[in-house]
Amino acid sequence: MYGMLYESVQHYVQEEYGVDIWRKVCHIIDCKHNSFKTHQIYPDKLMPDIAEALSACTGESFDFCMNFFGRCFVRFFSNFGYDKMIRSTGRYFCDFLQSIDNIHLIMRFTYPKMKSPSMQLTNMDDNGAVILYRSSRTGMSKYLIGQMTEVAREFYGLEIKAYVIESQNDISGGTAGPIKLTEGPLTVIVKYRLDFDNREYMAKRVNTEAHPSQLKMPTVKLDVFLDLFPFTIVLNHDMKITHAGEKIVETWIMHNPGANPKGFIGTHVMDLFQCRRPKDTTIDWDTLIQMRAVLFEFELIRTGHNRAAYDAVLNMDFENYDEMDLNEAQTMALAKAKEFSETHPVDDDEAALEDEIDPATGERRSSQGLRSILLKGQMFYIKDVDSLIFLCSPLIENLDELHGIGLYLNDLNPHGLSRELVMAGWQHCSKLEIMFEKEEQRSDELEKSLELADSWKRQGDELLYSMIPRPIAERMRLSQEQVCQSFEEVSVIFLEVMNVYDEGLNSIQGAMQAVTTLNKVFSALDEEIISPFVYKVETVGMVYMAVSGAPDVNPLHAEHACDLALRVMKKFKAHDMGDVAIRVGINSGPVVAGVVGQKVPRYCLFGDTVNTASRMESSSDPWKIQLSKYTGDKVRHVGYKVESRGTVKVKGKGEMETYWLLEGPED
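Basis of the calculations
Residues numbered from 1 in each chain as written. Predicted model: local features only at pLDDT ≥ 70, side-chain atom pairs only at ≥ 80, totals over all residues. Heavy atoms only, no water. UniProt positions renumbered as here; feature names shortened; annotations may be inferred. Helix = DSSP H or I, 4+ residues; strand = E, 2+ residues; numbered from the N terminus. Contact = heavy atoms within 4.5 Å. Areas by Shrake-Rupley, 256 points an atom, 1.4 Å probe, with all protein chains shown as cover. Buried < 20%, exposed > 50% of the residue type's maximum accessible area, 1.4 Å probe, protein only. 1 Å grid on protein atoms, 1.4 Å probe; cavity = no way out; pocket = protein on both sides within 12 Å on 5 of 7 lines; lining within 4 Å. Points joined across faces, edges and corners; volume = space filled by probe spheres on them. Nonpolar A, V, L, I, M, F, W, Y, C, P; charged D, E, K, R; others polar. Pairing = 2+ DSSP bridges. Axes fitted to C-alpha atoms, helices over the stretch in contact; angles between N-to-C directions. Phe/Tyr/Trp six-rings, centres within 6.5 Å; stacked < 30°, edge-to-face > 60°. Domains from an automatic or database assignment. Polar contact = N/O pair within 3.5 Å; in protein donor to acceptor, adjacent residues only side chain to side chain. Parallel < 35°, antiparallel > 145°, perpendicular 65-115°, else oblique. Left-handed = near helix turned anticlockwise from the far one by under 90°. Patch = residues over 30% accessible without salt bridge, like charges linked within 9 Å, V, L, I, M, F, W, Y side chains within 5 Å. Salt bridge = Lys/Arg side-chain N within 4 Å of Asp/Glu carboxyl O. Lys, Arg positive; Asp, Glu negative; His and termini not counted. Charge placed at Lys NZ, Arg CZ, Asp CG, Glu CD. pLDDT = per-residue confidence, 0-100.

Looking at an unreviewed UniProt entry, the chain carries the name guanylate cyclase, with the source organism given as Drosophila yakuba. UniProt annotates the chain under Subcellular location (unreviewed entry) with the comment "Cytoplasm". In its Catalytic activity (unreviewed entry) section, UniProt records this for the chain: "GTP = 3',5'-cyclic GMP + diphosphate".

1. Quick notes on the overall build of the chain
Assigned secondary structure in the chain consists of 24 helices and 18 strands. A separation of at least 24 residues holds for 66% of the contacts in the chain among residues at least 6 apart in sequence. For the chain, the accessible area works out to roughly 37,600 Å², and carbon and sulfur atoms hold 51% of it.

2. Here's the deal with the environment of Phe533
Position of Phe533 among the secondary structure elements: in the loop between α21 (507-528) and β12 (535-540). Looking at Phe533, the relative accessible area reads 40%, which means it is partly exposed. Measuring from C-alpha to C-alpha, the distance between Phe533 and Glu559 comes to 9.9 Å, with 26 residues separating the pair along the chain. In contact with Phe533, not counting residues within four places along its chain, are Val547, Ser548, Gly549, Asn554 and His560.

3. Considerations on empty space enclosed by the protein
For the structure shown, the criterion picks out one cavity of 30 Å³ or more. Size it by volume and the largest cavity reaches roughly 70 Å³. Those elements giving two or more residues to the lining of the largest cavity turn out to be β11 (485-498), β13 (543-548) and α22 (557-573). Within the lining of the largest cavity, the residues separate by chemical class into nine nonpolar, no polar and no charged.

4. Looking at the environment of Leu132
Relative to the helices and strands, Leu132 is located in strand β2 (residues 128-135). Spatially, the C-alpha atoms of Leu132 and Glu166 are 9.3 Å apart, while their sequence positions differ by 34 residues. If near-sequence neighbours (up to four positions away) are discounted, Leu132 is found in contact with Ser118, Met119, Gln120, Thr122, Ile189, Val190 and Lys191.

5. Points about the sheet that holds strand β4 (residues 188-195)
The four strands are arranged β1-β2-β4-β3 in an open sheet whose pairing can be described as antiparallel. Edge positions in the sheet fall to β1 (118-125) and β3 (161-168), since each has one partner strand and no second. Averaged over all pairs of adjacent strands, the angle between strand axes in this sheet comes to 20 degrees, irrespective of strand direction. For β3 and β4, the ladder comprises seven bridges, and the chain directions are antiparallel. Opposite Ser167, over in β4, you have Val190 as the bridge partner. Relative to the sheet, helix α8 (residues 141-156) contacts β1, β2, β3 and β4, its axis offset from that of β4 by approximately 30 degrees.

6. Description of the packing of aromatic side chains
Summed over the entire model, instances satisfying the criterion amount to 20 aromatic pairs. Seen in terms of ring centroids, Tyr17 and Phe68 are 6.0 Å apart; in terms of plane orientation they differ by 80 degrees. Their pairing is edge-to-face. You can see Tyr17 sitting in helix α1 (residues 3-17) and its partner Phe68 sitting in helix α4 (residues 62-76), a full 51 residues away along the chain. Note on Tyr92 and Tyr201: the rings are 5.6 Å apart at their centroids and 65 degrees apart in plane angle, and the pair reads as edge-to-face.

7. Details of unusual backbone geometry
A negative phi angle characterises most non-glycine residues, just as the trans form characterises most peptide bonds. The peptide bond linking Ala550 to Pro551 adopts the cis configuration, its omega dihedral lying at -5 degrees. Tracing the chain through its elements places Pro551 in the loop between β13 and α22. Although it is not a glycine, Asp30 adopts a positive phi angle of roughly 60 degrees. Checked against the element boundaries, Asp30 lands in the loop between α2 (19-29) and α3 (46-58). In the Ramachandran plot, Trp623 falls in the positive-phi region, its phi being about 60 degrees despite a non-glycine side chain.

8. Overview of the sheet that holds strand β10 (residues 387-394)
As summarised here, the arrangement of the six strands in space is β6-β5-β10-β9-β8-β7, forming an open sheet in which the pairing is antiparallel. Two strands lie at the open edges of the sheet, namely β6 (241-244) and β7 (273-277), each paired on one side alone. Each strand of the sheet is rotated relative to its neighbour by a mean of 35 degrees, with strand direction disregarded. Of the strand pairs in this sheet, β7 and strand β8 (residues 296-300) are connected by four bridges, and their pairing is antiparallel. Its bridge partner lying in β8, Cys275 is registered against Phe298.

9. Examining the pairing of strand β17 (residues 641-650)
As paired strands, β17 and strand β18 (residues 654-663) are joined by nine bridges and run antiparallel to one another. Residue pairing in the sheet places Glu643 in a bridge with Trp660 of β18. In this antiparallel pair of consecutive strands, β17 and β18, the connection spans three residues, and Gly652 shows a positive phi of 80 degrees.

10. Digging into the layout of surface pockets
Here the second largest pocket defines a volume of roughly 740 Å³. As for the second largest pocket, its lining consists of 33 residues, and the residues nearest its centre are Phe73, His104, Met114, Pro117 and Gln147. Contributing elements (two or more residues each) for the lining of the second largest pocket: α1, α4, α5 (82-87), α7 (100-107), β2 and α8. Ranked by residues supplied to the lining of the second largest pocket, first place goes to α8 with five residues. When grouped by side-chain class, the residues that make up the lining of the second largest pocket number 25 nonpolar, four polar and four charged. A domain-level breakdown of the lining of the second largest pocket finds at least three residues from each of domain 1 (1-80) and domain 2 (87-176 + 184-210).

11. Comments concerning the side chain of Ser620
Counting through the fold element by element, Ser620 comes out in the loop between α23 (608-618) and β16 (625-628). A relative accessible area of 3% means that Ser620 is categorised as buried. Looking at Ser620, its side chain comes within polar contact range of the main-chain oxygen of Lys624, at 3.3 Å. Sequence-distant contacts of Ser620, that is, excluding residues within four places in its chain, are made with Arg583, Val584, Ile625, Gln626, Arg645 and Trp660.

12. Focus on the packing of α4 against α8
Packing of α4 against α8 leaves a shortest axis separation of 7 Å and a crossing angle of 45 degrees. Classified by the interaxial angle, the pair formed by α4 and α8 is oblique. The handedness of the crossing between α4 and α8 comes out as right-handed. Residues Asp63, Met66, Asn67, Phe69, Gly70, Arg71, Phe73, Val74 and Arg75 of α4 pack against Lys142, Tyr143, Ile145, Gly146, Gln147, Thr149, Glu150, Val151, Arg153 and Phe155 of α8.

13. Points about the packing of α1 against α3
Where α1 meets α3, the axes come as close as 11 Å, and the angle between the chain directions of the two elements is 10 degrees. In terms of their interaxial angle, α1 and α3 are classed as roughly parallel. Taking contact as the criterion, the partners of Leu5, Tyr6, Val9, Val13 and Tyr17 in α1 are, on α3, Leu46, Met47, Ile50, Leu54 and Thr58. Of the residues that constitute the contact of α1 with α3, the class distribution is nine nonpolar, one polar and no charged.

14. Structural notes on a negative patch on the surface
A cluster of like negative charges, contributed by Glu437, Glu440, Asp444, Glu445, Glu447, Glu451 and Asp454, occupies part of the molecular surface. Tracing the backbone through its elements, the reader meets Asp454 in helix α19 (residues 418-467). Asp454 gets classed as partly exposed once you look at its relative accessible area, which sits at 42%.

15. Focus on the confidence of the model for the chain
Summarising the model, the chain shows a mean pLDDT of 78, and 77% of its residues fall at 70 or more. Within the chain, helix α17 (residues 349-356) has the poorest average pLDDT of any element, 40, and β16 the best, 95. The low-confidence segment residues 174-184 (pLDDT under 50) makes 15 contacts with residues lying over four places distant or belonging to another chain. Within the model, the stretch residues 305-316 combines pLDDT values under 50 with 28 contacts to residues more than four positions away or in other chains.

In structure tokens, the structure reads:
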């Protein structure tokens, strides 16, 4: 079943009984679906299972729950606009009952895998009607009653009483189906009686009796009728073809080479055609006489297809022919027909289909073979000849399909809209192809735009993360409040580039050379930053600032800060930088960090630890790394080689004991 049926059940169970009851139902039947998708197919057994579980939770009977589900579906499908389709079927409830199968046929365009039941209105009177229900599903008879009563109440203002008067193979409740005693498909057949006030419909029926003016009209010969409708078939009480239109006979010959053209007349209709819709319908007089408002689809049974055979045998006399008098084409046609009948039995449809497939490509051969022809129309009873007439036309959508079944526009009914619909279908297909090409082009452009947008986003993220730490930036994107964050202990590194300006150059040249030198030095420093162990905070003038232990907490912050300083010294000492030198200062302690500013926001550090680290750098010597006493003691205990510098007078701090960092720990 399609998900729309289960959507209606979920919606109205939650509305009528509450969300908790629905959750209990899902728990009982072990349903893993939190929601249902309209066009997705779900197991058929889920519907009766839900009804059983709801019955256990609420105390209502299983039949009541299935009836409730049917009423829910009618109320629910109005959200999709299908109520307009129901209202347009006719003025009276009986008009709707006669059109149910046709509605299902139309719905197959939207729901192509729908296994719709077949329902026929078999009897009508002033007090109601009788409908016959056929389906491959069991346990759904009460569901249909709910649908019928809700449609009558909602769209026709009728209160009806529906009940089952006959039933075959239908089992109510649970997921169990009837036991199959045969290999063939099992069909559930249920006959319902619907009691309602039907007097107005019965009184206003049209053509129940012939009008006096109609009785005075001359009789129309059947041959004239068949000329007007060349695909018509006339059936007697035994369901044998007594008369047929010219085009349907020619089409049958074309699809059945070697067959006697005169064999079409007098053959049982089911020997030549297969009833596609309505499914599982018994083709006999009593059944069809009650289904005059139902659309039928008959598929022509083929034994083969050969245009040469058709042309050769079209004018042959199969009853009195002499092999000596046959021309070459007729002889070849008979030989092909004989060979075909020996290797392909009449009912061997699979072999015929295999003959259409090219073994080299695996595709249908386009140069030979015709597609199956479908005839769609209604059955009418003609009192004058006491026969049923299948008034139909080929089911064709476009020119390609027309050629595929071996027909031409002139073969279609000259009246009506058959030819116009085929041409419109062809033009519509052309428009669809153009629209599809445009949509493909738009899809390609959209894909390129999305790729470009992703590229821009990545570049923007990289720029943002270079200014603000990634965790902080993610919080800002979620519009979380920007609060300061305190860190118990980090290590702050300051590095200054010295002797950048050349006193022999003027101010402009010196500034340009300084910028170039600083760019080279700072770019080299950026390469040594290893995230998340060390984070670059900012550059101010000729000073480079970094931190270890923020924004990502790092218990080894002092070691990672010293490692960075040692790598930088080693890297720059290996290059001839002229008079340019660097000096480094490191201090460890608590800080407070946060993003400051709205335009060009920066991640900044605050606290005495930062000031002390800056003093360690400014009081250091060229090509030296100066550590505060606290930082020096921390790294010395883990193997770093440090040398006491003694006490140094530090601005704002007075005398401080510091250390020179010499080497890292031995491996």
